[in-house]
Amino acid sequence: MQIGLNLRPTAEVKADALVIPAFEDGPPRLELPPQTWIDEVYSTGEFTGERFALARLPQPEGLRARRLVLAGCGKRVDFDAAQLRLVSAAAVRALKSKAIKRVALVLEPFMDAAAAVKAAVEGALLGAYEPDRYKTDPKKEDSRLEGFAVVIPGGANHELEEALRRGRVVAEAQNWARELAAEPGNRLTPMALAEAARAMAEAQGLACEILDQGRMRQLGMGALLGVAQGSAEPPALIIVRYRPEGAPAPAPHLGFVGKGVTFDTGGISIKPSEKMEQMRYDMSGGAAVLAAMRAIAELKPPVAVTGLIPAVENMPGPRAQRPGDIVTTLSGKTVEVLNTDAEGRLILADAMAYARRLGCTHLVDLATLTGAIVVALGHVYVGAFGNNSAWLDRVLAAARAAGERLWPMPLDEDYLEPLKTPFADIANVGPRAAGAITAARFLKEFADPAPWVHLDIAGTAWLEENKPYMPKGPTGVGVRTLVELALAPETASAGETG
Ligand code: BES
Ligand code: MN
Ligand code: ZN
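A quick note: this is a predicted structure, and the numbers were derived from the prediction, not measured.

What counts, and where the lines are drawn
- Residues numbered from 1 in each chain as written.
- Chains lettered and ligands numbered in written order.
- Predicted model: local features only at pLDDT ≥ 70, side-chain atom pairs only at ≥ 80, totals over all residues.
- Heavy atoms only, no water.
- Donors = N, O, S within 2.8 Å, 3.2 Å for Na, K, Ca; no water.
- Tetrahedral: all angles 85-135°; square planar, octahedral: opposite > 155°, others 65-115°.
- Helix = DSSP H or I, 4+ residues; strand = E, 2+ residues; numbered from the N terminus.
- Buried < 20%, exposed > 50% of the residue type's maximum accessible area, 1.4 Å probe, protein only.
- 1 Å grid on protein atoms, 1.4 Å probe; cavity = no way out; pocket = protein on both sides within 12 Å on 5 of 7 lines; lining within 4 Å.
- Points joined across faces, edges and corners; volume = space filled by probe spheres on them.
- Nonpolar A, V, L, I, M, F, W, Y, C, P; charged D, E, K, R; others polar.
- Near = heavy atom within 4 Å.
- Polar contact = N/O pair within 3.5 Å; in protein donor to acceptor, adjacent residues only side chain to side chain.
- Areas by Shrake-Rupley, 256 points an atom, 1.4 Å probe, with all protein chains shown as cover.
- Pairing = 2+ DSSP bridges.
- Axes fitted to C-alpha atoms, helices over the stretch in contact; angles between N-to-C directions.
- Domains from an automatic or database assignment.
- Contact = heavy atoms within 4.5 Å.
- Buried area = accessible area lost by both parts, 1.4 Å probe.
- Salt bridge = Lys/Arg side-chain N within 4 Å of Asp/Glu carboxyl O.
- Parallel < 35°, antiparallel > 145°, perpendicular 65-115°, else oblique.
- Left-handed = near helix turned anticlockwise from the far one by under 90°.

## Some details on the coordination of the zinc ion (ligand 3)
Note on the zinc ion (ligand 3): its protein donors are Lys259 (NZ), Asp264 (OD), Asp282 (OD) and Glu343 (OE). The metal-donor distances range over 2.0 to 2.4 Å. One way to put it: the six donor atoms around the zinc ion (ligand 3) meet at angles of 78 to 174°, and that makes the site octahedral. In primary sequence terms, the donor set of the zinc ion (ligand 3) follows K-x4-D-x17-D-x60-E. Separating the zinc ion (ligand 3) and the manganese ion (ligand 2) is a distance of 3.2 Å, and aspartate 264 donates to both of them. Of this pair, lysine 259 sits in the loop between β9 (253-258) and β10 (260-264) while aspartate 282 sits in the loop between β10 and α8 (284-299), and the two are 23 residues apart along the sequence. On the accessibility criterion, lysine 259 (2% relative accessible area) is buried.

Okay, here's the thing in structure tokens:
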């Protein structure tokens with residue numbers, strides 16, 4: 001899709017649809033002939049400015065655009081860049097069609113222009129995404145958007161061009177994460193994910209290394225290998241490295257670790273069949289990390305970042321690990337595997353220990369880790385856990401800037417108690433209570449003492465129903481937060497604050 005800034009006066013903008021943000025506070029002022037129509041739809045109550053509502057006027061007099069569209073934005077006081085991202089996405093989703101190929105969105109003058117340009121572009125690209133790769137109907141092409149422009153009469157400058165570029169890079173990366181997450185288990189095996197990582201790294205000039213089963217055995221990654229052994233598909237530990245140009249980067253060195261379970265049957269502790277097909281998205285954390293690495297390669301922040309994705313398939317094959325098996329992790333700690341369906345924490349334990357061995361000073365892991373986080377936060381917020389409040393605050397701030405919703409969760413020592421077992425250093429599950437927190441507490445054993453944040457995206461990585469701004473399916477959550485974190489100037493000084 002073509003993305004650009006349009007600097008012409010509103011009346012001069014050529015587009016199939018010219019979209020104007022419209023609030024519940026009252027009709028927008030266009031000061032062109034269609035103002036009569038705008039006032040009319042407001043006064044009749046046909047259109048109130050309700051969020052995501054649209055009103056369309058074909059062939060608007062005095063405009064070069066073929067349609068004028070009012071896009072409901074809700075109340076002005078609640079409107080910010082995050083809201084603009086959603087409105088832009090919803091407008092694109094509703095409008096893209098055989099007749100509407102080029103959309104132009106007029107910016108609200110009261111907003112910070114650079115932030116608004118970035119959010120509008122991200123919204124348009126995210127809204128244009130459809131998870132229809134395996135539909136063979138050629139008509140699906142009819143509703144593809146071809147162009148999107150942000151209308152800012154008068155003022156382009158380098159800052160706005162850069163905001164547009166960042167928005168495009170980040171949203172395209174996020175859509176790639178969604179494509180990977182939507183891939184079914186038969187097509188995206190651990191090796192296929194590794195190949196996708198390798199191809200991306202090559203295209204972006206990143207270093208990429210794939211540790212195979214033999215290498216993992218040499219290293220002693222017993223937890224990761226234990227999960228993998230029930231599947232005929234070999235596992236892979238994918239490592240992608242970004243290093244800034246110039247001087248050798250001092251601390252911090254960020255380590256992004258993403259859960260890459262390409263399909264999770266539960267293993268011998270097998271899952272019920274209902275909705276098991278959803279478990280193809282159990283590699284969404286890994287996909288988000290790969291996508292963030294891709295965007296980081298293009299945006300080149302002055303900080304070292306290593307992405308690690310332990311990729312496995314969790315199957316109940318004849319060699320599968322049994323409940324009660326005891327594995328030795330890379331860290332040397334032993335784990336009693338009481339439930340083979342708590343596999344994410346096992347593979348992350350080895351990947352995080354390896355991240356520290358590679359010199360990562362600050363860790364963030366993303367994982368579709370627990371059903372319990374869905375019980376706690378639903379499909380709205382990502383659960384955020386950490387062992388260091390300064391680092392957790394940085395990640396929360398990055399998420400806020402990126403328009404992703406994270407909610408801090410507790411992680412007191414008390415939550416270690418349920419994981420104690422007489423037979424090994426730690427068990428991989430405890431009783432049901434506080435399942436998302438005990439899972440995070442398990443991970444902490446393998447992250448300490450490095451500052452670390454765990455993001456449980458089990459509830460937010462997949463949308464179960466259509467929204468105006470997003471279709472049912474993969475969301476790509478986490479990509480924007482990771483990229484923002486790598487770009488934030490405060491991150492480069494994180495080494496000093498620990
Ligand atoms: N991949 C699942 C978690 C999950 C659940 C992701 C729902 C997305 C939607 C994870 O591997 C898992 O099976 N967790 C178990 C842990 C339990 C056995 C302690 C769970 O949450 O039920
Ligand atoms: Mn599982
Ligand atoms: Zn899982």
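## Focus on empty space enclosed by the protein
The full count for this structure, using the stated rule, is four cavities of 30 Å³ or more. Considered as a void within the structure, the largest cavity measures approximately 40 Å³ in volume. Around the largest cavity, the lining residues are Ala177, Arg178, Ala181, Ser284, Ala287, Ala288, Ala461, Pro474, Thr475, Gly476 and Val477. Mapped by element, the contributors of at least two residues to the lining of the largest cavity are α4 (158-182) and α8. Of the residues assigned to the lining of the largest cavity, the class counts are seven nonpolar, three polar and one charged.

## Here's the deal with the coordination of the manganese ion (ligand 2)
Protein coordination at the manganese ion (ligand 2): the donors are Asp264 (OD), Asp341 (O), Asp341 (OD) and Glu343 (OE), at 2.0 to 2.2 Å from the metal. Around the manganese ion (ligand 2), the six donor atoms sit at angles spanning 70 to 168°, and that spread fits a shape best called irregular. Read in sequence order, the donor residues for the manganese ion (ligand 2) give the motif D-x76-D-x1-E.

## What about the site of ligand 1?
Inspection of the region around ligand 1 gives 16 residues, with Lys271, Asp282, Asp341, Glu343 and Gly371 positioned closest. Glycine 371 has a polar backbone atom sitting 2.7 Å from an oxygen atom of ligand 1. In the complex, the protein chains occlude 78% of the 520 Å² of accessible area that ligand 1 would expose alone. Residues that form the shell around ligand 1 fall into these classes: five nonpolar, four polar and seven charged.

## Focus on the sheet that holds strand β13 (residues 334-337)
The mixed open sheet is built from three strands, whose spatial order is β12-β13-β17. Two strands lie at the open edges of the sheet, namely β12 (325-328) and β17 (426-427), each paired on one side alone.

## With respect to the sheet that holds strand β6 (residues 147-151)
Spatially, β1-β6-β5-β2-β4-β3 is the arrangement adopted by the six strands of the open sheet, whose pairing is mixed. The sheet is open, and its two borders are formed by β1 (2-6) and β3 (54-58), each paired with just one other strand. For this sheet the average axis-to-axis angle between neighbouring strands, irrespective of direction, equals 20°. Two elements, β1 and β6, share five bridges in a ladder whose sense is parallel.

## Details of the domain arrangement of the protein
It is common to report an interface's size as the accessible area lost on association of the parts. According to the domain assignment, the protein contains domain 1 (2-153) and domain 2 (171-492). Computed over C-alpha atoms, the centres of domain 1 and domain 2 are 36 Å apart. Opposite the 17 residues of domain 1 that make contact, domain 2 presents 21 residues. Together domain 1 and domain 2 conceal approximately 1600 Å² of surface at their shared face, both sides included; 64% is due to carbon and sulfur atoms. Considering only the side of domain 1, the residues that lose the most area to domain 2 are Leu126, Tyr129 and Tyr134, jointly responsible for 41% of the buried surface there. Joining domain 1 to domain 2, the criterion identifies two salt bridges.

## So, the environment of methionine 279
Examined against the element boundaries, methionine 279 turns out to sit in the loop between β10 and α8. Sequence separation between methionine 279 and threonine 262 is 17 residues, and the spatial gap between their C-alpha atoms is 7.9 Å. If near-sequence neighbours (up to four positions away) are discounted, methionine 279 is found in contact with Val261, Thr262, Phe263, Asp264 and Lys271.

## Concerning unusual backbone geometry
Each neighbour pair has its own omega, and for aspartate 448 with proline 449 the value is 5°, a cis peptide bond. Mapped onto the secondary structure, proline 449 falls in the loop between α12 (435-447) and β18 (452-456). Not every positive phi belongs to a glycine, and phenylalanine 52 is a case in point at roughly 75°. Relative to the helices and strands, phenylalanine 52 is located in the loop between α1 (35-43) and β3.

## Topic: the pattern of salt bridges
All told, the structure shown has 31 salt bridges when counted by the stated rule. Two residues, arginine 144 and aspartate 132, come together in a salt bridge whose shortest N-O distance is 3.4 Å. Separated by twelve residues along the polypeptide, arginine 144 in the loop between α3 (113-128) and β6 and aspartate 132 in the loop between α3 and β6 bring together distant segments of the chain. Taking relative accessible area as the criterion, arginine 144 reaches 28% and is therefore assigned partly exposed. Across the pair glutamate 162 and arginine 165 runs a salt bridge, and its minimum N-O distance is 3.3 Å. Of this pair, glutamate 162 and arginine 165 both sit in helix α4, separated by three residues, roughly a single helical turn.

## Let's talk about helix α13 (residues 479-487)
Of all nine residues making up α13, eight are buried, and the element is well covered by its neighbours. All buried positions along α13 are accounted for by Val479, Arg480, Thr481, Leu482, Val483, Leu485, Ala486 and Leu487.

## Some remarks on the packing of α8 against α13
Between α8 and α13, the shortest axis-to-axis distance is 9 Å and the interhelical angle comes to 40°. Classed by the angle they form, the pair α8 and α13 counts as oblique. Between α8 and α13 lies a crossing whose hand is right-handed. Along its contact with α8, which presents Ala288, Val289, Ala291, Ala292, Ala295, Ile296 and Leu299, the element α13 presents Val479, Leu482, Val483, Ala486 and Leu487.

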